[in-house]
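Structural features, examined
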Amino acid sequence: MPSDLAPLDVVAFLWFIASWVGFTIVQDHLLRDRQGVNQHLKIVRRHWMEQMLQRENRIMDSQLFGHTMHSCTFFASTNMLVLAGLVGSFGAIEHAHDLVSGLSFTAKTSRQIFEYKLLLMVGIFTFGFFKFTWALRQYNYCCALIGSAPAAPVPHDVMKVMAEAIGDALTLAVTSLNGGMRSYYFALAVLAWVVGPLSFMLATTGIIVVLARRQAFSATEKVIRIQTDRLEQTSLKKQQ
């Protein structure tokens, strides 16, 4: 460990890791009821797959899948560009360190710590790249599941089972995509570390607040929740 690494920097880094891992565990694994946008959309995807299995013409569903896969490809490509820029910055690390240290609002640190901060950014975007590429592969698997679905009309009991299976596979792909996009948010928090450890901790906390608000307390969550309730009520009426 560098000798000039302050204890508050260590605390800020541990707070960053705990916040990211904790939010991911809570959001992707512990919240299984309808408590946020991701949980609402899991139900919406199941209904979407049910409607897809009842349609003879599934061109619209293919277009929707293609649009989502295009977004995933875009983020993966952008991620590679960011990684290339970060790796390239090591070739001029001395100039970059002098430039950042010369700013009036940044914390003065050694070159070694500056390199570690850049390595952390590289690690974050590498993680994001693996998430995006894994999401893209999962979308391809979903395409195979949809392509293998029998033509309409599909028996009701078979439709329910297949819609849930394809919907769950799609949710896994979206979860990986969300994980990659989440890395962008937390990379922004790391940028605040050049100002100081307190700014780093505040930025990390701010990212958590923003993500939690969008998931559970935003106007978008309210609209999706209302639509999800309507879909569930309509499904119950059909079964009765």
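Residues numbered from 1 in each chain as written. Predicted model: local features only at pLDDT ≥ 70, side-chain atom pairs only at ≥ 80, totals over all residues. Heavy atoms only, no water.

Let us look at the packing of helix H5 (residues 111–147) against helix H6 (residues 156–191). Where H5 meets H6, the axes come as close as 8 Å, and the angle between the chain directions of the two elements is 165°. By the angle between their axes, H5 is roughly antiparallel relative to H6. Both H5 and H6 take part in a crossing whose hand is left-handed. (Axes fitted to C-alpha atoms, helices over the stretch in contact; angles between N-to-C directions. Helix = DSSP H or I, 4+ residues; strand = E, 2+ residues; numbered from the N terminus. Parallel < 35°, antiparallel > 145°, perpendicular 65-115°, else oblique. Left-handed = near helix turned anticlockwise from the far one by under 90°.)

This part covers unusual backbone geometry. Of note, the amide linkage connecting Ala152 to Pro153 takes the cis form, showing an omega dihedral of 0°. When you line up the elements, Pro153 lands in the loop between H5 and H6.

General note: in soluble globular proteins, nonpolar side chains tend to be found buried as a group. Judged by nonpolar contacts, the single largest core of 24 residues is most densely connected at Phe16, Ile124, Phe186, Val190 and Phe200. At the level of elements, helix H1 (7–30), helix H3 (59–89), helix H4 (93–101), H5, H6 and helix H7 (197–216) are the ones that each hand at least two residues to this core. By residue number, the principal contributor to this core is H5, which donates seven residues. Within the second largest apolar cluster, 22 residues are counted, among which are Met69, Val154, Ala169 and Ala173. (Core = buried A, V, L, I, M, F, W, Y, C linked by side-chain atoms within 4.5 Å. Buried < 20%, exposed > 50% of the residue type's maximum accessible area, 1.4 Å probe, protein only.)

So, about helix H8 (residues 219–239). Taking 1.5 Å per residue as the helical rise, H8 with its 21 residues ought to reach 30 Å, and the 31 Å between its terminal C-alpha atoms agrees with that figure. Burial in H8 covers these residues: Glu221, Ile224, Thr228 and Ser235. Down the axis of H8, the buried set is contained in an arc of 70°. They therefore lie on one face. Of the exposed residues in H8, those oriented more than 90 degrees away from the buried face are Ala219, Val223, Arg230 and Lys237. Buried residues along H8 sit in contact with helix H2 (37–54), H6 and H7. (Expected span 1.5 Å × (residues − 1). Arc of directions from axis to C-beta. Contact = heavy atoms within 4.5 Å.)

When pLDDT is averaged along the protein, the result is 90; 97% of the residues meet or exceed 70. Across the protein, H7 holds the top mean pLDDT of 94, while H4 sits lowest at 86. (pLDDT = per-residue confidence, 0-100.)

Here the focus is the pattern of salt bridges. According to the stated counting rule, one finds eight salt bridges in the structure shown. Here Asp28 and Arg182 are joined by a salt bridge, their closest N and O atoms 3.1 Å apart. Of this pair, Asp28 sits in helix H1 while Arg182 sits in helix H6, and the two are 154 residues apart along the sequence. The partly exposed category is assigned to Asp28, whose relative accessible area is 22%. Here Arg182 falls in the buried class, since its relative accessible area comes to 7%. (Salt bridge = Lys/Arg side-chain N within 4 Å of Asp/Glu carboxyl O.)

The subject of this paragraph is a nonpolar patch on the surface. A cluster of nonpolar residues, Ile17, Val21, Ile25, Val26 and Leu30, forms a patch on the protein surface that exposes about 400 Å² of accessible area. Topologically, Leu30 is positioned in helix H1. With relative accessibility at 58%, the residue Leu30 sits in the exposed group. (Patch = residues over 30% accessible without salt bridge, like charges linked within 9 Å, V, L, I, M, F, W, Y side chains within 5 Å. Areas by Shrake-Rupley, 256 points an atom, 1.4 Å probe, with all protein chains shown as cover.)

Moving on: the side chain of Glu50. Within the secondary structure, Glu50 is located in helix H2. Residue Glu50 is classed as buried on the basis of its relative accessible area, which comes to 5%. In contact with Glu50, other than residues within four places in its own chain, are Met159, Lys160 and Ala163.

Quick look at the packing of H3 against H6 now. The geometry of a pair of packed helices is captured by two quantities: the angle between their axes and the separation between those axes. Interhelical geometry of H3 versus H6 gives an angle of 30° and a closest axis separation of 11 Å. Taken as axis vectors, H3 and H6 run roughly parallel relative to one another. As for how H3 packs across H6, the hand of that crossing is left-handed. Across the interface between the two elements, Phe65, Cys72, Phe75, Thr78 and Asn79 from H3 touch Leu170, Leu177, Met181 and Tyr184 from H6. Among the residues forming the contact of H3 with H6, the class breakdown is seven nonpolar, two polar and no charged. (Nonpolar A, V, L, I, M, F, W, Y, C, P; charged D, E, K, R; others polar.)

The tally for this structure, following the rule as stated, stands at 16 aromatic pairs. Relative to Tyr141, the ring of Trp134 has its centre 6.2 Å away and its plane inclined at 75°; by these criteria the two rings are edge-to-face. Residue Trp134 is classed as partly exposed on the basis of its relative accessible area, which comes to 38%. Using a relative accessible area of 41% as the deciding quantity, one classes Tyr141 as partly exposed. When the centroid spacing of 4.7 Å and the interplanar angle of 20° are considered together, the rings of Trp193 and Phe200 count as stacked. For the pair formed by Trp193 and Phe200, the shared burial category is buried. Members of the aromatic cluster, each reached through a chain of ring pairs, are Phe13, Phe16, Trp20, Phe127, Phe186, Trp193 and Phe200. (Phe/Tyr/Trp six-rings, centres within 6.5 Å; stacked < 30°, edge-to-face > 60°.)

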